[in-house]
Amino acid sequence: MRRIDTSAVIPVIRQLCIEACQQLSSNVTDALRDARAREESPLCQEILAMLLENAAFASENHLACCQDTGMTVVLLEIGQEVCWEGMPLYDAVNEGVRQGYRDGYLRKSVVDDPLLRKNTGDNTPAMIHVDIVPGDKVTITILPKGAGSENMSALYMLTPADGVQGVKKAVLEAVERAGGKPCPPIVVGIGLGGTMDKAAFLSKKALLREIGARNPKPHLAALEQELLEEINKTGIGALGMGGTVTALDVHIEAFSTHIACLPLAINLQCHAYRHACATI
Ligand code: SF4
């Protein structure tokens, strides 16, 4: 067993929160550059150029690339040979988020109760997901998720008879209904199968994949490509201004399901496609 004091995650998460909010990866800026080159609308070309300029300015000046620095989604992939010591792990994660949002001057966007709505003042609690994996390492991924795109998420409990046509129809319906609200160009995260909650988690996890990377299963890779092409025919365009690039990519994560189920969750990600990852 490898013993790790939970306090070790605090500085790592602090740094990842700041990095994720300030620096879009080259994978994302390359995709935005490619989108600008393909875009046919002069107005959307200009918007994409501004998004690139904004991303470069944020990175150079250590500023958040969007004012909505989101709820902090934290994925912990914990090796099964890790033995934790010290303070409760979730407290350590939240302390890292607290420090990161304080020291990075990132907006605090979390309210304590969904109806009473008092700001917690430090962007905690984080939305924590845990996966137990082989080995003795811990991989921490931070995904700050803004509300504009999160609010456009959708869940469909399709039936097996709906099949692939039903999936396509529902995804296009969700994207068209969202229009410019999720700040396109978007990445569409799709969770397919499992139970309702599993599909929702998979749709979030799908947003961690690099733009341009396809699902290893050929039938899902083909569906990703087909949906991407269909979404880009909707004409929504950058920030909903009417153009030929609405989505940068579509990612599907799938899991086994019940003989009578076909759950489909859709989680949209805005052009601020932010995440940062570290292994300890
Ligand atoms: S949806 Fe994304 S780009 Fe738009 S305001 Fe929210 S975080 Fe910013």
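Above: the structure in question.
Throughout, a residue's number is its position along its own chain's written sequence, starting from 1. The model is predicted, so local features are restricted to residues of pLDDT at least 70 and side-chain atom pairs to those at 80 or more, both for listing and for counting; the totals for chains, interfaces and linings are taken over all residues. As a rule here, side-chain values come from all non-hydrogen atoms in the structure, and water together with hydrogens is ignored.

(A) Structural view of the packing of helix α1 (residues 9–22) against helix α4 (residues 89–103). Each axis is a line fitted through C-alpha atoms, taken for helices only over the stretch in contact, and angles between the N-to-C directions span 0 to 180 degrees. Counting from the N terminus, the helices are DSSP H or I runs at least four residues long and the strands are E runs at least two residues long. Where α1 contacts α4, the axes come no closer than 7 Å and their chain directions differ by 40°. Regarding the angle of α1 to α4, the classification is oblique. In terms of crossing hand, the pair formed by α1 and α4 is right-handed. Taken together, the residues of α4 that come into contact with α1 (itself represented by Val 9, Ile 10, Ile 13, Arg 14, Cys 17, Ile 18 and Cys 21) are Leu 89, Ala 92, Val 93, Glu 95, Gly 96, Val 97, Gln 99, Gly 100, Tyr 101 and Asp 103. Basically, the charged four are Asp, Glu, Lys and Arg, the nonpolar ten are Ala, Val, Leu, Ile, Met, Phe, Trp, Tyr, Cys and Pro, and anything else, Gly included, counts as polar. A breakdown of the residues in the contact of α1 with α4 according to their chemical character gives 11 nonpolar, 3 polar and 3 charged. Angles are sorted into four bins: roughly parallel if under 35 degrees, roughly antiparallel if over 145, roughly perpendicular if 65 to 115, and oblique for all others. Note: crossing handedness is left-handed where the near helix turns anticlockwise from the far helix by less than a right angle, and right-handed where it turns clockwise. Contacts: residue pairs with any heavy atoms within 4.5 Å of one another.

(B) Structural context of the site of the ligand. Whether a residue is near a molecule or strand depends on its heavy atoms: it is near if one of them lies within 4 Å of it. Surveying the vicinity of the ligand reveals the residues Cys 66, Gln 67, Asp 68, Gly 146, Gly 148, Ser 149, Cys 183, Cys 270, His 271 and Arg 274. In terms of residue class, the shell around the ligand is made up of 3 nonpolar, 5 polar and 2 charged.

(C) The arrangement of a nonpolar patch on the surface in detail. For patch building, the residue pool is restricted to those with more than 30% relative accessible area and no salt bridge; the joining distance is 9 Å between like charges and 5 Å between nonpolar side chains (Val, Leu, Ile, Met, Phe, Trp, Tyr). Only the protein chains shown count as covering a residue, and every accessible area follows the Shrake-Rupley method with a 1.4 Å probe. In the sections that follow, a salt bridge refers to a side-chain nitrogen of Lys or Arg positioned within 4 Å of a carboxyl oxygen of Asp or Glu. A surface patch of nonpolar side chains, about 260 Å² in accessible area, is lined by Leu 43, Leu 239 and Met 241. Examined against the element boundaries, Leu 239 turns out to sit in the loop between α8 (218–231) and β8 (247–257). When a residue's accessible area, from a 1.4 Å probe over protein chains only, is under 20% of the maximum for its type it is buried; when over 50% it is exposed; and in between it is partly exposed. Residue Leu 239 is classed as partly exposed on the basis of its relative accessible area, which comes to 34%.

(D) Focus on the packing of helix α2 (residues 26–38) against helix α3 (residues 42–61). α3 packs onto α2 with a crossing angle of 160° between their chain directions and a minimal axis gap of 9 Å. In terms of axis orientation, α2 runs roughly antiparallel to α3. Helix-helix and strand crossings are classified by hand; for α2 and α3 the assignment is left-handed. Contacts between α2 and α3 pair Thr 29, Leu 32, Arg 33, Ala 35 and Arg 36 from the former with Gln 45, Leu 48, Ala 49, Leu 52 and Ala 55 from the latter.

(E) Layout of the sheet that holds strand β2 (residues 71–79). Strand order across the open sheet formed by 4 strands is β4-β2-β5-β10, with mixed pairing between neighbours. The sheet is open, and its two borders are formed by β4 (127–133) and β10 (276–279), each paired with just one other strand. Each neighbouring strand pair of the sheet contributes to a mean axis angle of 15°, computed without reference to strand direction. For two strands to be treated as a pair, DSSP must find no fewer than two bridges joining them.

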